[in-house]
Amino acid sequence: MSTRAKLGGICLLSYAIGVLLSPYFLPTDFLTVNVAPLFIDKRLPSAQHISITNDDALNNEEDKLELPPMKYEAPYKQVIGDDDDPFHGVDIVLHRNGEPDPCMRQQQQQQQSQLDGDASSFTLLEKILERLGVTIANDNSDDAAAPSTPSKDTLSPLSQSILRSTEQFAKPLSFDSKYDLDATLTHAFATNTQSIFSNAQSSCGPTWEQDPTKPHYLDQVNENYNLLSSYSSLLKYCDMGIDRTPIQPDHNNLVRLAQVKSLPCTFHTREGLRVTSLSMLVELAREVKSDEGECEVGDNSEESDQRTCTSGNGGDGGNARKELHLYAVSAGRVFMFAPKHVGEVFELPHVKGPQGLPVSLEVMSLTPRVFDIYNFFNRDESAAIVNKALKETSETHKMKRSSTGASGYNLNSKRTSENGFDTHGKEAQIVKRRCMDILGFDEYEESLTDGLQVLRYNKTTGYFPHLDWIDDPRKKEEHNFDSAGIGSNRFATILLYMSDLEAGDGGETLFSHGWPAGQAEEDHVQLDDAIDALRASGDVEGILKRDSWEEKMVANCRSRLAVRPHSSRAVLFYSQHPDGSVDQSSLHGGCPVITDQPKWAANLWAWNSIRGGFPGSPKNEHVVEKNRAANKSPENDQQKHATFINDKSDESMRHAQLFFQDTFWGNYGFDNPPLGINTFKGHKWHVRVDGEVIKSFTIGRDKKQEFHI
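Participant: Can you lay out the overall build of the chain for me, pointing to particular residues and giving the numbers?
Facilitator: What the chain contains, in helices and strands, is 16 helices and 28 strands. Put simply, the chain has 709 residues, and 52% of those count as buried. Working note: accessible area of the chain is about 33,100 Å², and carbon and sulfur atoms make up 48% of it.

Next up, the structure:
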């Protein structure tokens, strides 16, 4: 059969196929793209044996973003490796902070679906062409119908987008800098040019209502320069605006985006691990590609959005595309876990417990957001913290009746427990750092934590339901507690239980807006019925007064969501939403103990930004000015700031180290800068050389003090 006759047959066949087959079954451009070139290009030696595979289609999709050579391509490939781009076959799926459902998916998923449709039609066309005497090679492979890996010389769409974004900045960016990477990824994800996302379908915009009287500064910039048309709504999510962006200790290190000069997001994994370098992103991509493709959480297929799972049904010998889920956190905000269902597990291999075991979280409740923490701390750490609290003698830190309020020592008749604080003890520092690791901080920052509060509940003592978030609605305090704006407040609490109490002994932590996990709505017990059941049991007869707040607490503890203490148990809950607004559902209390066995516990409050008493903490300036005019002492007057300086005059102090009691604090030698520390009157600091205490300092009354060696 002549070539001309074959070509005529192909023309007639293409018309017939176009009439008979739906475009959803066979793409309308399939013949023109994949078949016509076989016969039209006369430079081909023969049309009888030509290899057509889905590699060609896939590479066309991957190459869509190809532009002129990229000036950062060489150093980029040094990081990702010259052999193969690890982002081939990996789709980025983006979530807003704290949200289990994604707001954007990489377009490649849609492209791959189209390719899969082409593949399903390919076999039919092959059979038709064989009748015409045209052989289409299938590479003699069982995997020929499956999409194969693009050329190793071709950069993936994500890599190209990152490189193009890097070129937009005036200064050279480092792939090893987390601040440069934040800006690069934000630009790559938010731009409408060479984007890997279908930004027209993005739901990654702001989660809050913009005050019409206070327009976002990006809108004002856009009025003059019309820049926002090139970006998606993600831009405003990442930069919440001047009135909604708290100032973190590292704020001055942030790299603003090119052109619009807005602040970038930070990016975390589902497990809270912050992506701090390109090499870490590469490692994450390789991990998901080596994944078996099975979702480990529950049987619900929707959970695939919450685990690193293969898209589609898997079972294809490793050729299915994989998903890398990233969680975008607005500038100045803090990461929060995104639970989807009760019982869901978050494994945190990057956080190690005291025995080296990996820490994990299990979701106890969605509203409020409460998590059990496994392998977090042990009985030895528990005993050491309690013993130190009992031996503490300083007025500000020793065990005494618990107080309440934003400032000062205020007793409350509905808080009858005792508490003390351990701010610098060895075990306290270890536990505090572990807490911050769990919460998604890649660096420990003392100004974002309170001291470890140690609590003792004796028989009949408890704490009425309250919020850990501190309320100051009229802004009467010097510190700005408005965390939905630029203020700082407690955003998360980690509770540590240090004693064992049996069922019926009381002492639970009550979440009064929650219900027991797994309990059907029709099984919920209301307060009046719970009180009747408690009285009928006789468990508090002669211990608690009828109609007292304590009796109501015990009844609620037996009907609502309550966490029973046992030694070495730990629990996390949030007091804020991801945008900084207070989470009213986090109302909680300490149920009265109704046994002779005391309840010991501790908690760490983590703040969404710099807390009061530290440099850079947010202030209500009108209160500061008012207090200054009245010659009133500033808040946190009991806290002192000590600076430890090595004068370099004593050779024996060349390699000195500073310790708070037995806890190493920092190097204090000739080559080290002065150490500035917030501390308290009566605290003792030791200078050690080769493990031996050479000199000791005791903090005095002055607000600022210097100590020299």
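Picking up where we left off.
Participant: Talk me through the sheet that holds strand E6 (residues 322-329); I want residue IDs and the actual numbers.
Facilitator: Either a parallel or an antiparallel arrangement is found when strands of a sheet pair, and the pairing is made through backbone hydrogen bonds. Taking strand neighbours across the sheet as the criterion, the four strands line up as E3-E2-E6-E5 in an open arrangement whose pairing is mixed. Strands at the two margins of the open sheet, each flanked by one partner only, are strand E3 (104-105) and strand E5 (266-268). Relative to E3, strand E2 (residues 90-96) is paired through two bridges, and the arrangement is antiparallel. Looking across to E3, one finds that Leu94 is bridged to Met104. Each of E2 and E6 touches helix H11 (residues 278-289); the most contacted strand, E6, lies at about 140 degrees to it.

Participant: Describe unusual backbone geometry, naming the residues involved and giving the relevant values.
Facilitator: Cis geometry is adopted by the peptide bond preceding Pro368, which originates at Thr367 and carries an omega value of 0 degrees. Backbone geometry places Thr460, a non-glycine residue, at a positive phi of 75 degrees. Note on placement: Thr460 falls in the loop between strand E14 (452-457) and strand E15 (463-466). Given a relative accessible area of 31%, Thr460 falls into the partly exposed group. For Lys648, which is not glycine, the phi dihedral falls at a positive 60 degrees.

Participant: Explain the side chain of Thr449 residue by residue, including any values.
Facilitator: Counting through the fold element by element, Thr449 comes out in the loop between helix H13 (426-438) and E14. Of note is the side chain of Thr449, whose polar atom sits 3.5 Å from the side chain of Lys432. Setting aside its immediate chain neighbours within four residues, Thr449 contacts Lys432, Met436, Tyr444, Leu604, Trp605, Trp607 and Arg611.

Participant: Residues and numbers for a positive patch on the surface, please.
Facilitator: Taken together, the side chains of Arg474, Lys476, Lys626 and Lys632 define a basic patch exposed on the protein surface. Mapped onto the elements of the fold, Lys626 is located in helix H16 (residues 621-629). Residue classification places Lys626 among the exposed positions, given a relative accessible area of 61%.

Participant: Give me the lowdown on empty space enclosed by the protein, citing residues and values where you can.
Facilitator: A full pass over the atoms with the stated rule returns five cavities of 30 Å³ or more. Space inside the largest cavity adds up to approximately 170 Å³. In this structure, the largest cavity is lined by 17 residues; those nearest its centre are Leu455, Tyr457, Leu495, His588 and Asn603. Those elements that provide at least two residues to the lining of the largest cavity are E14, E15, strand E16 (490-497), strand E20 (588-590) and strand E21 (599-607).

Participant: Would you mind going over the state of the cysteines in detail, with residue names and values included?
Facilitator: Throughout the structure, instances matching the rule amount to three disulfides. A disulfide bridge connects Cys238 with Cys265, and the sulfur atoms are separated by 2.1 Å. The chirality of the disulfide connecting Cys238 with Cys265 is left-handed, given an S-S dihedral of about -105 degrees. With Cys238 in helix H10 (residues 234-238) and Cys265 in the loop between H10 and E5, this pair connects stretches of sequence that are 27 residues apart. A sulfur-sulfur separation of 1.4 Å characterises the disulfide bridge that pairs Cys557 with Cys591. Looking along the S-S bond of the Cys557-Cys591 disulfide, the torsion reads about -70 degrees, which is the left-handed sense. With Cys557 in helix H15 (residues 549-557) and Cys591 in the loop between E20 and E21, this pair connects stretches of sequence that are 34 residues apart. You'll find Cys557 and Cys591 in the same group, each marked buried.

Participant: For the pattern of salt bridges, give the residues involved together with the corresponding values.
Facilitator: Scanning the model with the defined rule gives 30 salt bridges in all. We note a salt bridge from Glu443 to Lys178, for which the minimum N-O separation is 2.9 Å. Of the two residues, Glu443 is situated in the loop between H13 and E14 and Lys178 in helix H8 (residues 178-190); the sequence distance between them amounts to 265 residues. Connected via shared salt-bridge partners are Lys178, Asp182, Arg274, Asp442 and Glu443.

Participant: Requested: an account of the sheet that holds strand E18 (residues 561-563), with residues and values cited.
Facilitator: The four strands are arranged E15-E20-E17-E18 in an open sheet whose pairing can be described as antiparallel. Each edge of the open sheet carries a strand with a single partner, namely E15 and E18. Within the sheet, the average angular offset between the axes of one strand and its neighbour, ignoring direction, is 20 degrees.

Participant: So what about the nonpolar core? Which residues, and what values?
Facilitator: Counting residues in hydrophobic clusters, the biggest one holds 47 residues, and the most contacted among them are Tyr76, Leu94, Phe189 and Leu234. Among the elements of the structure, helix H5 (73-80), E2, helix H7 (157-166), H8, helix H9 (217-225), H10, H11 and E6 are those that each provide at least two residues to this core. If one sorts the elements of this core by residue count, H11 sits on top with six residues. If you look at the next biggest cluster of nonpolar residues, it comprises 43 residues, including Ala338, Val359, Phe371 and Trp600.

Participant: Which residues make up the pairing of E21, and what are the values?
Facilitator: E21 sits mainly inside the fold: nine of its nine residues count as buried. Covered by surrounding structure in E21 are Lys599, Ala601, Asn603, Trp605 and Trp607 together with Trp600, Ala602, Leu604 and Ala606, the residues of both alternating faces. Where E14 and E21 come together, five bridges link them in antiparallel fashion. Counted as the bridge partner of Val454 is Ala602 from E21. Sheet topology places E16 next to E21; seven bridges connect them, and they run antiparallel.

Participant: Talk me through the environment of Trp607; I want residue IDs and the actual numbers.
Facilitator: By the secondary structure assignment, Trp607 is in strand E21. Residue classification places Trp607 among the buried residues on the basis of a relative accessible area of 5%. Those residues within four positions of Trp607 in sequence are excluded, and the remaining contacts are Phe441, Leu448, Thr449, Asp450, Ile470, His479, Phe481, Ser488, Asn489, Arg490 and Phe491.

Participant: I'd like a rundown of the packing of H5 against H7, residues and numbers included.
Facilitator: The axes of two packed helices give the description: the angle between them and the distance between them. Remark: H5 packs on H7, axes separated minimally by 11 Å, with the N-to-C direction vectors making an angle of 135 degrees. When the interaxial angle is binned, H5 and H7 end up oblique. The way H5 lies across H7 gives a crossing that is right-handed. Residue-level inspection shows Glu73, Tyr76 and Ile80 of H5 in contact with H7, the latter providing Ser159, Ile162 and Leu163. Among the residues making up the contact of H5 with H7, the classes are represented as four nonpolar, one polar and one charged.

Thresholds applied
- Residues numbered from 1 in each chain as written.
- Predicted model: local features only at pLDDT ≥ 70, side-chain atom pairs only at ≥ 80, totals over all residues.
- Heavy atoms only, no water.
- Helix = DSSP H or I, 4+ residues; strand = E, 2+ residues; numbered from the N terminus.
- Buried < 20%, exposed > 50% of the residue type's maximum accessible area, 1.4 Å probe, protein only.
- Areas by Shrake-Rupley, 256 points an atom, 1.4 Å probe, with all protein chains shown as cover.
- Pairing = 2+ DSSP bridges.
- Contact = heavy atoms within 4.5 Å.
- Axes fitted to C-alpha atoms, helices over the stretch in contact; angles between N-to-C directions.
- Polar contact = N/O pair within 3.5 Å; in protein donor to acceptor, adjacent residues only side chain to side chain.
- Patch = residues over 30% accessible without salt bridge, like charges linked within 9 Å, V, L, I, M, F, W, Y side chains within 5 Å.
- Salt bridge = Lys/Arg side-chain N within 4 Å of Asp/Glu carboxyl O.
- Lys, Arg positive; Asp, Glu negative; His and termini not counted.
- Charge placed at Lys NZ, Arg CZ, Asp CG, Glu CD.
- 1 Å grid on protein atoms, 1.4 Å probe; cavity = no way out; pocket = protein on both sides within 12 Å on 5 of 7 lines; lining within 4 Å.
- Points joined across faces, edges and corners; volume = space filled by probe spheres on them.
- Disulfide = S-S within 2.5 Å.
- Core = buried A, V, L, I, M, F, W, Y, C linked by side-chain atoms within 4.5 Å.
- Parallel < 35°, antiparallel > 145°, perpendicular 65-115°, else oblique.
- Left-handed = near helix turned anticlockwise from the far one by under 90°.
- Nonpolar A, V, L, I, M, F, W, Y, C, P; charged D, E, K, R; others polar.

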